[in-house]
Amino acid sequence: MQTHIRNFCIIAHIDHGKSTLADRILEATGAITAREFRDQILDAMDLERERGITIKAHTVALRYRANDGQTYSLHLIDTPGHVDFTYEVSRSLAACEGALLLVDASQGVEAQTIANAHLAVSNHLVILPVINKIDLPSADIEGVKRQIQEVLGLDVKDALAVSAKEGRGIRDVLEAIIARIPPPSGDPAKPLKALVFDSWFDNYQGVIVLTRVFDGQIRPGMKIRAMSNNRVFEVGEVGVFTPKRMKTDGLAAGEVGYVCAGMREVADTKIGDTLTDAARSTASPFPGYKEVKPLVFCGLYSTDAAQFEDLRDALQKLRLNDSSFVYEPETSLALGFGFRCGFLGLLHMEIIQERLEREYGLTLITTAPTVVYRILTTSGETVHIENPSKLPPQSTIERFEEPFIHATILTPERYVGNILQLCQERRGVQMGLQYLDPSRVMLTYELPLNEVILDFYDRLKSKTQGYASLDYEVIGYRESDLVKLDVLLNGETVDALSFITHRDKAHLRGRLLAERMKEVIPKQMFEVAIQAAIGNKVIARETVGALKKNVTAKCYGGDITRKRKLWEKQKEGKKRMKQVGRVEVPQEAFLALLKVTDE
Amino acid sequence: MDIGLYIHVPFCRTRCHFCAFYLRIHREDQARMYLESLAREIQLSAALHSLGGRRLDSVYIGGGTPTTLRPDQLCSILDLARNYLGVLEGAEVTLEAHPDSVTLEGLRRLACAGFNRISFGVQSLDDGELVRIGRRTPSESARVAVALARTAGFVNINLDLMYGLPGQTPESWLSTLEQAIALEPTHLSCYALTIEDGTRLQVDIRRGEPVEPNAALQNAMEDDAVRRLAKAGFERYEISNFSRAGYACRHNLHYWRGEDYLGLGPSAQSYLNGCRFGNVEDLEAYHRALEAGRAPVAERAYLSPEQCRREAVVFGLRLIEGINVAALRSGAESGELLHEWDRTLHRLRDQGLVEERTGWISLTDLGRRFADSVAVELM
């Protein structure tokens, strides 16, 4: 019965307690006992647990006996909580009728609170403001309510105040879900119309799809069609997570659950896709999936050339679970055979890199991230550049464009000066400055994305003692006066170190990069000249002096064990180095660019 | 193959500023305790270690300053080694000594007891340099000590020298070398001063005085030593060691050739049958273990055959003769490893660090200067 179903999600800024609230809801509905409890059960991957970020959405079916004596079926749909995954969030929201907007009682509204609330509003969800962490001494429930009302325009008359940590107010939240979030209203008799909002690869079942059925029903044995590519699959199994996986006879209009249909890779059906009955199509599919385009690219190379195939296998496996990252082989003169990989954002990039090293035991060299530049050549061609070393000659460039973002930054008032300065340095254009209350300010800026991927977030955090929050969306390409900067080691260009920057920044960045490289390149048996150049023009030069000697004077029985250990350790360290010409270059050098924007 | 025995005597009268060895300032009661424990360890070793019928072809009593012990105490150590471990007829028996701590009578007694090689820690023959490294005795005492040793019957005499000392100049180093050559030793060890962790010298350098040894200057001093000593008839047979023909230190060759040795006394290290083990660096703990009948071993590592082979190579390369290619290749664990090795060696040859001649691989002059870098490659 649809009247007894509620589909909802929790949206929040990072660290505002989303996972803890989800845990308490699971406990309160008896889905899981305290004994079974692994903290924050919805974040399944270790990385998510460590970073406290939900990367992949999950969903749990709960049964709740409400104060009215009736038992309701609740579907809690977890959403990723980071700017890189906005599209995934929006699809998860589309599967719900309502959202709990969770705000930290001491932190107040943050950048992702706003971004997520806007997404929820544009998906026509009923939003229940929930103020969390009221147990904290610094909690300011009234102030936060005022912010929610003024900044987000939401009614806070019935805002709930809870402490997820202490389990206070959880029952009120559940009652509010029943009372205020509308039940779904699809027609079970119509042809199947189901929204795909997440999928992952399971070694035994193939692809598992999370779906929300809007009309009709989905049952085992049925033939379904993915409307994005018209491929037909036979449904093998359907069910729900409680949070344990539990088979059911089917999913009917209004319900949320999983479907296994013999899909072999995640790319067989995209997030946002509509599933329908192969024999009887729905007349009104969803607007269709959006092809999520990678925004940030970097080169990934194994330090050991022999690991190239292992790296390829690992990338292939990861992509089974994450169709939003792309990779293709590339060759670097400096680094050999590797892959150019594209990601939704920096966090996405870090997560993939970390998984490659941790889960697949690879030792990687990563090049500095770059955005995708767009070039109109003199012959009228449009070219996308994902690797700075592939830039066509300057003389053939008619128009050089870079992606811009619209950034929203929320900060305590006292850091505004620091942020203005930072945004100014990063070529930002201020679009707005609004006081949310006397002590909090919302800044909006348009910024080139390439300035943001260079350490912007860390700088923002350090200039505001961690208080500022950032959210952004890409607003398109704009023409810029850009140049390519090359780095030469002992006269040889190191292609993996080339980068594109604004002409006004080129000299400063070139100089800082050369200085930084000097710090990270160890002394070798010969002198190493580091040069930064635009075209043929050298704009900065540093020299790493030669090592004069490296020999143990006394080496007898008592020294041997100590020496062996030391040399074995150094040998391990050398594995992380890459031979460029005769020069041994450590991994950090390829990321030195990220550390040169400190002025 | 016969094995070497090292005995660590952890006492000195004072600690020199560059020294990081495990030692105590000498006290009679502690020396007695040490000797008692050492006797136990020698007996225990005889029972514990399968020396496989091998006997000692070298005994080396080092430290610290062994001659802080009385001659009769040193002789008793040698007697114990003879009785329990078996010392070959004609074995090399070395005693390290401080120039200031020997007497003619004592040296006679030691020579009589079978010590046939004496190694003096001279370091420098410039009084100013000696003072700056914390040595109170003037250079004259080294000349006296060598003369006494010779009178007492020692033929095989080594002098330890250091270059790159605070305030040392190329001229004063050459002068030390000249004076050392004039003393007619059979063996000279010339060490580049190295700043070890936890030394007084390290602390002083951090405070700004003296300055750290200059690597380029040390290189020049090394070249001077090689040149001057060659002219005086000394053959350089290891990175820091020079000898007259037939006087290479047999004991130390065990270390560089990857051969077995047994180390006794606190902090002493051993290498027996593919196992490296080291004694605890604490006199009291050493004593307690032996009192309880336990071996005072603090650390033990069993090496794989491949690790043994690699060690033998990197330490063998410290010898001027280098290592035998056939020996290097036999015992490699797999063809793949061997192939990887060949590539590494090829690269090192291209870099001018190693050379191959008539079946032997050795370091070049440049390679000797970067022996540790080469070792890292080959480890």
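Just so you know, the residues in each chain are numbered from 1, in the order the chain's sequence is written. Chains and ligands are labelled by the order in which they are written, letters from A for the one and numbers from 1 for the other. pLDDT decides what is reported in this predicted model: residues at 70 or higher carry local features, side-chain atom pairs at 80 or more are listed and counted, and totals for whole chains, interfaces and linings draw on all residues regardless. Side-chain metrics in this entry use all non-hydrogen atoms of the structure; hydrogen atoms and water are not considered.

Draft legend 1. Region of interest: the overall build of chain A. Secondary structure elements follow DSSP: runs of H or I no shorter than four residues count as helices, runs of E no shorter than two count as strands, and numbering proceeds from the N terminus. When helices and strands are counted, chain A shows 14 helices and 34 strands. Radius of gyration here is computed from C-alpha atoms only, and the compact-globule reference equals 2.2 Å multiplied by the residue count raised to the power 0.38. Taken against the 2.2 N^0.38 rule, which gives 25 Å for 599 residues, the C-alpha radius of gyration of chain A at 27 Å falls within 12% of a compact globule. In terms of principal-axis extent, the alpha carbons of chain A reach across some 85 × 70 × 60 Å. Two residues qualify as a contact provided that any one of their heavy atoms is within 4.5 Å of a heavy atom in the partner residue. Taking the contacts inside chain A whose residues are at least 6 apart along the sequence as the reference set, 69% of them involve residues at least 24 apart. For chain A, the distance from the average site of its 76 positive side-chain charges to the average site of its 80 negative ones is 4 Å. The positive count covers Lys and Arg only, the negative count covers Asp and Glu only, and His and the chain ends enter neither. For the purpose of locating charges, the reference atoms are NZ of Lys, CZ of Arg, CG of Asp and CD of Glu.

Draft legend 2. Examining the overall build of chain B more closely. Within chain B, the secondary structure is distributed over 15 helices and 17 strands. Over its C-alpha trace chain B gives a radius of gyration of 21 Å, about what one expects of a compact globule, namely 21 Å for 379 residues. For chain B, the spread of C-alpha atoms along the three principal axes comes to 55 × 55 × 40 Å. Accessibility here uses a 1.4 Å probe with only protein chains present; expressed as a share of the type maximum, an area under 20% marks a residue as buried, one over 50% as exposed, and anything in between as partly exposed. Here chain B holds 379 residues, and 59% of them are scored as buried. Long-range pairs, those at least 24 residues apart, make up 70% of the contacts in chain B with a sequence separation of at least 6. Here the accessible surface of atoms and residues is derived via Shrake-Rupley with a 1.4 Å probe, and residues count as covered only by protein chains that are part of the display. In the structure as shown, chain B presents an accessible area of about 15700 Å², 50% of it carried by carbon and sulfur atoms. In chain B, which carries 42 positive and 51 negative side-chain charges, the distance between the mean positions of the two groups comes to 2 Å.

Draft legend 3. Broad picture of the interface of chain B and chain A. In this complex, chain B contributes 39 residues to the contact, which on the side of chain A involves 25 residues. Accessible area, probed at 1.4 Å, shrinks when two parts are joined; the buried area is that loss added up over both. Where chain B abuts chain A, roughly 3100 Å² becomes buried across the two surfaces, and 58% of that area is made up of carbon and sulfur atoms. Together, Phe 370, Asp 372 and Val 376 of chain B form the three largest contributors to the area buried by chain B at its contact with chain A, with a combined 20%. Note on definitions: salt bridges are taken to be side-chain nitrogens of Lys or Arg within 4 Å of carboxyl oxygens of Asp or Glu. Run the count over chain B and chain A and you get three salt bridges. Mapped by element, the contributors of at least two residues to the side of chain B that touches chain A are strand E8 (187-192), helix H8 (215-231), helix H9 (250-256), strand E14 (297-302), helix H11 (305-316), helix H14 (365-369) and helix H15 (371-378) of chain B. Top element by residues in the side of chain B that touches chain A is H15 of chain B. It accounts for six residues. When residues are sorted by character, Ala, Val, Leu, Ile, Met, Phe, Trp, Tyr, Cys and Pro go into the nonpolar class, Asp, Glu, Lys and Arg into the charged class, and all the rest, Gly among them, into the polar class. Residues of the side of chain B that touches chain A, tallied by class, amount to 20 nonpolar, ten polar and nine charged.

Draft legend 4. The domain arrangement of chain B, seen in detail. All names here are of chain B. What fixes the domain bounds is an automatic or database domain assignment. Domains assigned within chain B are domain 1 (3-255) and domain 2 (304-379). One C-alpha centre belongs to domain 1, the other to domain 2; they are set 29 Å apart. At the interface, ten residues of domain 1 touch seven residues of domain 2. Summed over both partners, the interface of domain 1 with domain 2 buries about 800 Å², with 52% contributed by carbon and sulfur atoms. For the domain 1 face of the interface with domain 2, the top three residues by lost area are Arg 236, Glu 238 and Ile 239, together amounting to 55%. Our count for the contact surface shared by domain 1 and domain 2 stands at three salt bridges. For Arg 369, the salt bridge goes to Glu 222, with nearest N and O atoms at 3.8 Å. The term polar contact refers here to a pair of N or O atoms within 3.5 Å; inside protein, the definition further demands a hydrogen-donor-capable atom paired with an acceptor-capable atom, and it admits residues adjacent in sequence only when both atoms are side-chain atoms. Our count for the contact surface shared by domain 1 and domain 2 stands at five residue pairs in polar contact (both at pLDDT 80 or more). Counting only elements with at least two residues in the side of domain 1 that touches domain 2, the list comes to H8, strand E9 (235-238) and H9. Considering only residue class, the side of domain 1 that touches domain 2 consists of four nonpolar, two polar and four charged.

Draft legend 5. Highlighting empty space enclosed by the protein. Residues and elements named next belong to chain B. For cavity detection a 1 Å grid was placed over the protein atoms alone, and a set of points counts as a cavity when a 1.4 Å probe fits there but cannot get out; an open set counts as a pocket when protein lies on both sides within 12 Å along at least five of seven lines, with lining residues being those that have an atom within 4 Å of a point. Grid points are joined across faces, edges and corners, and a volume is the space filled by probe spheres set on the points. This structure, assessed with the given rule, holds four cavities of 30 Å³ or more. Size it by volume and the largest cavity reaches roughly 120 Å³. Lining the largest cavity are 14 residues, and of these Tyr 163, Ala 192, Glu 222, Ile 239 and Ser 240 sit closest to its centre. Elements that contribute at least two residues to the lining of the largest cavity include exactly E8 and H8. Each residue belonging to the lining of the largest cavity can be placed in one class, and the counts come to eight nonpolar, three polar and three charged.

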